[in-house]
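The chain contents come next:
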Amino acid sequence: MQFDYTPVPSKAVFGKNSALYLGREIKALGGSRVMIACTKNMVARIKHVLDDLGDMVVSIYDKAEPHCPEHIALGAVEEFNNKNCDIVVAIGGGSTIGIGKAIALRTDAPFIVVATTPCGSESTPIHGMLIGKTKKTGRDRKVIASTSIYDPVLTTSMNAHLTGTIGMNSLAHCVEALYAQVKSPVSDIMAIEGIKALNLGLLGSIKNPDDLEAREQVLYGGMLSGYCVTLAGIAIHHKLCHVLGGHHGIPHGESNSVILPYAVAYNESAAPDAMEKIKMAMGTSSASGGIYDFATSIGVPKSLKELGMRESDLDLAAKETVERTPYNPKSVQENSVREMLQHAYEGVRPVPF
């Protein structure tokens, strides 16, 4: 056995009502002038947290939008500097965390995330923003949050659609980690555990939004999914989802929900060991088919057509995906990617390529 392993450089604080530990964690990192990044809808949900922080909060930047558009991210950096903030706290999901990453990347300020979705972005080195119609991404370990707080109580207002689609994004990170370029036995353990937690928690969370035990499992799986990205990386699935989001305007959770079964089917013959681990973790006889059935059971979108993708755009999406995918266990060829996209467009049950 031979592998490299670099631990994720982040502290995790996990548990019910743990958001109320935020002040303690800000002080531990030397912060006193806090910018809160969030969406407009989040402000009312976190009133108890803001009240607890009191005068430490000098800016509430509530402009987060999907895919972190350039003008939103750079506007946050400008406000952070103008208000003489010394720490940024992102409270929300991936789009809000993207704002915090933009600030951390450009200022070296300490960065805390209070995760209200299971996206896992808080512990990944991947940063990105929407520039024009292209989602530009990069990697830098300094955008990994210094501290991440996971409070399942803050996730209960997330509706079934968001719970399912963002959960599918987390599931995709765990699945891809099993056949990513720098996978290791350590990342495999986290990936399998994450798949099990998401498989268990998503159904319960959607059936009963106030089921905190189920919400805990989803948030735990999301946390592990972020570690998986950092430790192992990504492959064609997430590159394709970035293409669909940037150029074609499809929300990230929805694209993950549709694409994952087909990306797994695409790689099924090239990564047999990973497929066995997926089947074991999900309790299914088919990796791609099991994921497709799971997606059906939680009611997430199942086709690109359903998401408003035009069939005439599939050729361009295939070409862009080939250009932007540096690694995948199976060779990335434009004709085969185009075939995969056709299946995803139609929403037919996937079959191994």
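Above this note sits the structure.
So, here is what we can say about the structure in this document.

Parameters at a glance
- Residues numbered from 1 in each chain as written.
- Predicted model: local features only at pLDDT ≥ 70, side-chain atom pairs only at ≥ 80, totals over all residues.
- Heavy atoms only, no water.
- Helix = DSSP H or I, 4+ residues; strand = E, 2+ residues; numbered from the N terminus.
- Rg over C-alpha atoms; globule rule 2.2 N^0.38 Å.
- Buried < 20%, exposed > 50% of the residue type's maximum accessible area, 1.4 Å probe, protein only.
- Lys, Arg positive; Asp, Glu negative; His and termini not counted.
- Charge placed at Lys NZ, Arg CZ, Asp CG, Glu CD.
- Salt bridge = Lys/Arg side-chain N within 4 Å of Asp/Glu carboxyl O.
- Axes fitted to C-alpha atoms, helices over the stretch in contact; angles between N-to-C directions.
- Parallel < 35°, antiparallel > 145°, perpendicular 65-115°, else oblique.
- Left-handed = near helix turned anticlockwise from the far one by under 90°.
- Nonpolar A, V, L, I, M, F, W, Y, C, P; charged D, E, K, R; others polar.
- Pairing = 2+ DSSP bridges.
- Core = buried A, V, L, I, M, F, W, Y, C linked by side-chain atoms within 4.5 Å.
- Arc of directions from axis to C-beta.
- Contact = heavy atoms within 4.5 Å.
- Phe/Tyr/Trp six-rings, centres within 6.5 Å; stacked < 30°, edge-to-face > 60°.
- Lys NZ or Arg CZ within 6 Å of the ring centre and 35° of its normal.

### Description of the overall build of the protein
Phase 1 of the analysis: Each helix and strand in the protein was counted, giving 14 helices and eight strands.
Phase 2 of the analysis: Taken over the C-alpha trace, the protein has a radius of gyration of 19 Å; the compact-globule value for 353 residues is 20 Å, and the two agree within 12%.
Phase 3 of the analysis: On the principal axes, the C-alpha backbone points of the protein span a range of 60 × 40 × 40 Å.
Phase 4 of the analysis: Here the protein, with 353 residues, has 58% of them falling under the buried criterion.
Phase 5 of the analysis: Distance between charge centres in the protein, computed from 33 positive and 36 negative side chains, equals 1 Å.

### Let's talk about the pattern of salt bridges
For side chains of opposite charge, pairing can occur when their charged atoms come near one another.
Phase 1 of the analysis: Inspection of the entire model under this criterion finds 14 salt bridges.
Phase 2 of the analysis: One salt bridge in this structure joins D108 and K142, with 2.8 Å as the shortest N-O distance. Of the two residues, D108 sits in the loop between α5 (94–107) and β5 (111–115) while K142 sits in the loop between β7 (134–139) and β8 (147–150), which places them 34 residues apart along the sequence.
Phase 3 of the analysis: Judged by relative accessible area, which is 39%, K142 ranks as partly exposed.
Phase 4 of the analysis: Here D315 makes a salt bridge to R338, at a shortest N to O gap of 2.6 Å. With a gap of 23 residues between them, D315 in helix α13 (residues 314–324) and R338 in helix α14 (residues 334–346) connect regions that are remote in the sequence.

### As for the packing of helix α7 (residues 185–207) against helix α8 (residues 212–232)
Phase 1 of the analysis: Running from N to C, α7 and α8 cross one another at 150°; their axes reach a closest spacing of 7 Å. What the angle tells us is that α7 and α8 run roughly antiparallel. You can see that α7 and α8 cross each other, and the crossing is left-handed.
Phase 2 of the analysis: Of the residues that constitute the contact of α7 with α8, the class distribution is 15 nonpolar, eight polar and two charged.

### Things to note about the pairing of strand β2 (residues 34–37)
Phase 1 of the analysis: With burial as the criterion, each face of β2 is covered, one bearing V34 and I36 and the other bearing M35 and A37.
Phase 2 of the analysis: In the sheet, β2 pairs with strand β3 (residues 57–61) via four bridges, with the strands oriented parallel. Pairing of A37 across the sheet is with Y61, part of β3.
Phase 3 of the analysis: In terms of strand pairing, β2 meets strand β4 (residues 87–92) through four bridges, oriented parallel. In the sheet register, M35 faces β4, and the bridge partner there is V88.

### Points about the nonpolar core
Phase 1 of the analysis: The biggest cluster of nonpolar side chains holds 68 residues, and the ones touching the most others in it are I99, M168 and V175.
Phase 2 of the analysis: If you tally residues by element for this core, the top one is α8, at eight residues.
Phase 3 of the analysis: By size, the runner-up hydrophobic cluster in this structure holds 23 residues, among which are I236, V243, Y292 and M340.

### A look at α13
Phase 1 of the analysis: All buried positions along α13 are accounted for by L314, A317, A318, E320 and T321. Down the axis of α13, the sector holding all buried residues measures 165°, keeping them to one side.
Phase 2 of the analysis: Those residues of α13 that are buried lie in contact with α9 (236–246) and α14.

### Thoughts on the pairing of strand β6 (residues 126–131)
Phase 1 of the analysis: Bridging between β6 and β7 involves six bridges; their strand directions are antiparallel. Note that in β7 the partner of G128 across the bridge is T137.
Phase 2 of the analysis: The turn linking β6 back onto β7 is made up of two residues, and G132 within it adopts a positive phi angle of 65°.

### Notes on the packing of α7 against helix α11 (residues 272–282)
When two helices pack together, their arrangement is given by the angle between the helix axes and the distance between those axes.
Phase 1 of the analysis: Contact pair α7 / α11: the axes reach a minimum separation of 9 Å and the direction vectors enclose 35°. Considering only the axes of α7 and α11, their crossing is right-handed. Two secondary-structure elements touch here, α7 through D188, I192, I195, K196 and N199 and α11 through K277, M280, A281 and M282.

### Description of unusual backbone geometry
Phase 1 of the analysis: Phi is positive for N17, close to 65°, though the residue is something other than glycine.
Phase 2 of the analysis: Tracing the backbone through its elements, the reader meets N17 in the loop between β1 (11–14) and α1 (22–28).
Phase 3 of the analysis: You will see that N84, though not glycine, has its phi angle at about 55°, which is positive.
Phase 4 of the analysis: Within the fold, N84 resides in the loop between α4 (70–82) and β4.

### Regarding the environment of E216
Phase 1 of the analysis: With respect to the secondary-structure elements, E216 resides in helix α8.
Phase 2 of the analysis: For E216, a relative accessible area of 22% translates into the label partly exposed.
Phase 3 of the analysis: Along the sequence, E216 and V57 sit 159 residues apart, while their C-alpha atoms lie 28 Å from each other.
Phase 4 of the analysis: Excluding anything up to four places from it in sequence, E216 contacts F14, K16 and P152.

### Some thoughts on the packing of aromatic side chains
Phase 1 of the analysis: Taken as a whole and assessed by the stated rule, the structure comprises two aromatic pairs.
Phase 2 of the analysis: When the centroid spacing of 6.4 Å and the interplanar angle of 85° are considered together, the rings of F14 and Y220 count as edge-to-face. Taken together, the residues F14 in strand β1 and Y220 in helix α8 connect sequence positions 206 residues apart.
Phase 3 of the analysis: The exposure class of F14 is partly exposed, given its relative accessible area of 35%.
Phase 4 of the analysis: The partly exposed category is assigned to Y220, whose relative accessible area is 28%.
Phase 5 of the analysis: Taken together, the ring pairs connect F14, Y150 and Y220 into an aromatic cluster.
Phase 6 of the analysis: Above the face of the Y21 ring, R24 is positioned so that its terminal group lies 4.5 Å from the ring centre.
Phase 7 of the analysis: The ring of Y266 has K330 sitting right over it, with the charged end atom 4.6 Å from the ring centre.

All we've got here are geometric facts, nothing functional implied.
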